[in-house]
Amino acid sequence: MSLYRQDDPNVRKCLRHGSFHSKGNILLPSNTCRNLHHVKSSLAWEMGSTLATMLRMRRPTTVLWSLGFCFLLFLYVLFPSTNTVADQCECHSNQNPVTANSFFGHSLVEDSKPFPNDKHKLAVLIPFRDRFEELMEFAPHIHKFLNAQHKNHHLYIINQVDNLRFNRASLLNVGFLESGIDCDYIAMHDVDLLPMNAALTYEFPYDGPYHVAAPHLHPRYHYPTFIGGILLIRREHFRKVDGLSNKYWGWGLEDDEFYARLKEAKLDIFRPGNLTSGTKHTFRHIHDRQIRRRDMIKCYNQQEITRHRDRQTGLSSVRYQVQSKIEITIQGSPLTVLNVVLECDRFVTPWCDCTENIGNTPKTPHDFKKTEDVIVPKLNRKKHLSQDG
Ligand code: UDP
Ligand code: MN
């Protein structure tokens, strides 16, 4: 949907002087301005003919009437001086509809809410690079799945187009900032994880973050603090923890660091109960590990730094540019593709590009005294990891 800019002086004029009704995708002033125009022209016409009659009768009161007429004419000219009738009535035709993204730097309204009984709207944020085949399956599937639950939603593909290593966390921060402010909760959603059990609800998470891809249901990851894959969170909770760290370039740990943020903010994490579909049939994980290799390279002092809680970076410090924004439809499911160029501060995270330094060479000394700042417990991999994907 496109909107008129309400900060445009012409639109303000229309907002002050006429109520709006919506027609199709654009807002139009109602008939009130046309009615006002009629009243004013009739008034002028009436006054003109009265004066002509008075002059024809050559009565002494003529001068008085003429003075009165001049006064009324003066008022007439004065009143519309800030807002001519013509201006008002052209409100609907003069404005350039703007794409919602140019308003406050946010998408304002992308879709309507097709399910009026659902008072909420979900922005499904999909961090993405080079996963076209997965997207072809994911988009129609999730669109149908959410429609079946009568959930207002919109899909955002946050496509990383720079030459740096993939940064899932920063892309989610960007998705949050660029998605519609009419969406009051987000899903941090992997493109290769398809919910298969209709009992998996994508309800507005009133009480706190809701981890759909729970460890007892996820096909691959089963450790108790796991919150990756699919997580629903209210906008205000995401903002409260300053989103995700921007220090995680390459695969892994950004979700564990986010877990530490939620815990520190005393946000309880909710999960689905036991489902009979278990780890095998609750989700479909479209991930062939030979074809979609995880980028597990570590360089500079990445390993040391990313084992710890990040108190420096997050939603408020993510640096990026939206190169372009494209609306597409895949088999009837509308989605917004944001082509995003992430920026990397090479002094803080030189490991955003490991082409020069493969291996784990400590570069800058970091003083991590607090043991509670360590975010990765040593896992019993056999117990907490399935061979899926
Ligand atoms: N992803 C992507 N391109 C990449 C790496 C990751 O689009 O090169 C996105 C994609 O949404 C994927 C998610 O990041 O589902 C998580 O990555 P991956 O599937 O490799 O991690 P897993 O959870 O399977 O270990
Ligand atoms: Mn995967």
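Residues numbered from 1 in each chain as written. Chains lettered and ligands numbered in written order. Predicted model: local features only at pLDDT ≥ 70, side-chain atom pairs only at ≥ 80, totals over all residues. Heavy atoms only, no water.

On to the overall build of the protein, then. Across its full length, the protein holds twelve helices and eleven strands. In the protein, which comprises 389 residues, the proportion classed as buried is 49%. Once local pairs closer than 6 in sequence are excluded, the contacts in the protein between residues at least 24 apart make up 78%. About 20,800 Å² of surface is accessible on the protein, with carbon and sulfur atoms providing 57% of the total. (Helix = DSSP H or I, 4+ residues; strand = E, 2+ residues; numbered from the N terminus. Buried < 20%, exposed > 50% of the residue type's maximum accessible area, 1.4 Å probe, protein only. Contact = heavy atoms within 4.5 Å. Areas by Shrake-Rupley, 256 points an atom, 1.4 Å probe, with all protein chains shown as cover.)

Looking at where T313 falls in the secondary structure, it is placed in the loop between α11 (302–306) and β10 (320–330). By relative accessible area, T313 is classed as buried at 14%. Excluding its chain neighbours within four sequence positions, the residues that come into contact with T313 are D242, L244, S245, N246, K247 and R261.

Next up on the list: the environment of E343. Within the fold, E343 resides in the loop between β11 (333–342) and α12 (381–384). Sequence spacing of E343 and R319 is 24 residues, and the spatial spacing of their C-alpha atoms is 5.4 Å. Excluding residues within four positions of it along the chain, E343 makes contact with L164, W249, R319, Y320 and Q321. Among the polar contacts listed, one links the side chain of E343 to the side chain of Q321, at a separation of 3.4 Å. (Polar contact = N/O pair within 3.5 Å; in protein donor to acceptor, adjacent residues only side chain to side chain.)

Each turn of an α-helix holds 3.6 residues, which means side chains three or four residues apart point in the same direction. Among the eleven residues in helix α9 (residues 254–264), nine count as buried, and that is most of the element. Every buried residue of α9 is listed here: E254, D255, D256, E257, F258, Y259, A260, R261 and L262. Buried residues in α9 make contact with α7 (168–178), β5 (185–189), β8 (230–234) and α8 (235–240). A positive backbone phi angle near 60° is found at K266, which sits one or two residues after α9.

Summarising burial for β5: five of the five residues are buried, a large majority. Of the strand pairs in this sheet, strand β3 (residues 122–128) and β5 are connected by four bridges, and their pairing is parallel. What sits directly across from L122, in β5, is Y185. The sheet contact formed by β5 and β8 spans five bridges and is antiparallel. (Pairing = 2+ DSSP bridges.)

Within the structure shown, the criterion is met by two cavities of 30 Å³ or more. The space that makes up the largest cavity amounts to roughly 50 Å³. Residue lining of the largest cavity: K247, Y248, W249, G250, W251, G252, L253, K298, Q302 and T306, and that is the complete set. Split into classes, the residues belonging to the lining of the largest cavity amount to four nonpolar, four polar and two charged. (1 Å grid on protein atoms, 1.4 Å probe; cavity = no way out; pocket = protein on both sides within 12 Å on 5 of 7 lines; lining within 4 Å. Points joined across faces, edges and corners; volume = space filled by probe spheres on them. Nonpolar A, V, L, I, M, F, W, Y, C, P; charged D, E, K, R; others polar.)

Below, the discussion takes up the coordination of the manganese ion (ligand 2). All of the protein donors around the manganese ion (ligand 2) are D192 (OD), H285 (NE2) and H287 (ND1); their distances to the metal are 2.1 to 2.3 Å. Mapping the donors of the manganese ion (ligand 2) onto the primary sequence gives the spacing D-x92-H-x1-H. With D192 in the loop between β5 and β6 (193–195) and H287 in the loop between β9 (283–285) and α11, the pair connects residues that are 95 residues apart, well separated along the chain. A single burial state applies to D192 and to H287, both of which are buried. (Donors = N, O, S within 2.8 Å, 3.2 Å for Na, K, Ca; no water.)

Neighbouring ligand 1 are 13 residues; P127, R129, D192, Y221 and R294 lie closest to it. Between ligand 1 and R131 there is a distance of 3.4 Å, counted from an oxygen atom to a side-chain nitrogen or oxygen. Interatomic distance of 2.9 Å between a side-chain N/O atom of W251 and an oxygen atom of ligand 1. Contact with the protein chains removes 88% of the 510 Å² of surface that ligand 1 exposes when unbound. (Near = heavy atom within 4 Å.)

Glancing now at the nonpolar core. Among the nonpolar cores identified, the biggest contains 39 residues, and I186, M188, F238, F258 and L262 are the most heavily contacted of them. Residue assignment for this core shows that the elements contributing at least two residues are β3, β4 (153–160), α7, β5, β8, α9 and β11. The dominant element in this core, judged by the number of residues it contributes, is α7, at six residues. Apart from residues lying up to four places away in sequence, F238 is in contact with L172, N173, F176, I186, M188, I233, G243, L244, F258 and L315. (Core = buried A, V, L, I, M, F, W, Y, C linked by side-chain atoms within 4.5 Å.)

Pairing within the open sheet is mixed, and its seven strands lie in the order β7-β8-β5-β3-β4-β11-β10. The sheet terminates laterally at β7 (210–211) and β10, the two strands that pair on one side only. Bridge count between β4 and β11: six bridges; the pairing is parallel. Looking at β11, one finds that Y156 is bridged to T336.

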